[in-house]
Amino acid sequence: MKSASKKMSRRLQKATTLLLALVTIASSSGCVRYKLISGDKNPVRVEAGKPFTPATDGWFVTDPWMQENEEALSLKILELETLSRH
């Protein structure tokens, strides 16, 4: 069971990394476009110890992991912006 859990965790981490990379590439394309995000795609803050029933199936990550992903995305955006200016 732990092995399957580790495999799923690795897959989730790889999928998240890929998603962040795609978002970074799309956001740094130089085109200014706005896109409305439907309500079911907004992040929902979940408090520990309180029941939570999501509106859709999905992955729900902890605050430290979310902060790590946000920081990695920010650093990648800065890197791409720096490269595009040269």
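Everything discussed here concerns the structure shown above.
Presented here is a report on the structure given in the accompanying data block.

Thresholds, definitions, all that
Residues numbered from 1 in each chain as written. Predicted model: local features only at pLDDT ≥ 70, side-chain atom pairs only at ≥ 80, totals over all residues. Heavy atoms only, no water. Helix = DSSP H or I, 4+ residues; strand = E, 2+ residues; numbered from the N terminus. Buried < 20%, exposed > 50% of the residue type's maximum accessible area, 1.4 Å probe, protein only. Areas by Shrake-Rupley, 256 points an atom, 1.4 Å probe, with all protein chains shown as cover. Contact = heavy atoms within 4.5 Å. Patch = residues over 30% accessible without salt bridge, like charges linked within 9 Å, V, L, I, M, F, W, Y side chains within 5 Å. Salt bridge = Lys/Arg side-chain N within 4 Å of Asp/Glu carboxyl O. Lys, Arg positive; Asp, Glu negative; His and termini not counted. Charge placed at Lys NZ, Arg CZ, Asp CG, Glu CD.

**Points about the overall build of the protein**
Scanning the protein from terminus to terminus reveals two helices and zero strands. Taken across its 86 residues, the protein has 7% of its residues classed as buried. As displayed, the protein offers around 8200 Å² of accessible surface, 60% of which is attributable to carbon and sulfur atoms.

**Points about the side chain of Thr16**
By the secondary structure assignment, Thr16 is in helix H1 (residues 2-27). When neighbours within four sequence positions are excluded, Thr16 is seen to be in contact with Trp65 and Asn69.

**Here's the deal with a positive patch on the surface**
A cluster of basic side chains, namely Lys7, Arg10, Arg11 and Lys14, defines a positive patch on the protein surface. One can find Arg10 in helix H1. Given the relative accessible area of 51%, Arg10 is considered exposed.

**Points about the environment of Phe52**
One can find Phe52 in the loop between H1 and helix H2 (63-85). Those residues in contact with Phe52 that sit more than four places away from it in its chain are Val44, Val46 and Phe60.

**Section: the pattern of salt bridges**
Tallying each qualifying case throughout the model produces three salt bridges. Salt-bridge contacts for Arg45 lead to Asp63; the nearest nitrogen and oxygen are separated by 3.0 Å. Taken together, the residues Arg45 in the loop between H1 and H2 and Asp63 in helix H2 connect sequence positions 18 residues apart. Owing to a relative accessible area of 60%, Arg45 belongs among the exposed residues under this scheme. Among the residues examined, Asp63 registers a relative accessible area of 37% and is labelled partly exposed.

**As for the environment of Ala72**
Following the sequence through the fold, Ala72 ends up in helix H2. According to the relative accessible area criterion, Ala72 is partly exposed, its value standing at 40%. Along the backbone, Ala72 and Leu20 are 52 residues apart, and their C-alpha atoms lie at a distance of 8.4 Å.

**Considerations on the side chain of Asn69**
The topology assignment puts Asn69 in helix H2. Note on Asn69: relative accessible area 13%, which makes it buried. Beyond its immediate stretch of four places on either side in the chain, Asn69 contacts Thr16 and Leu20.

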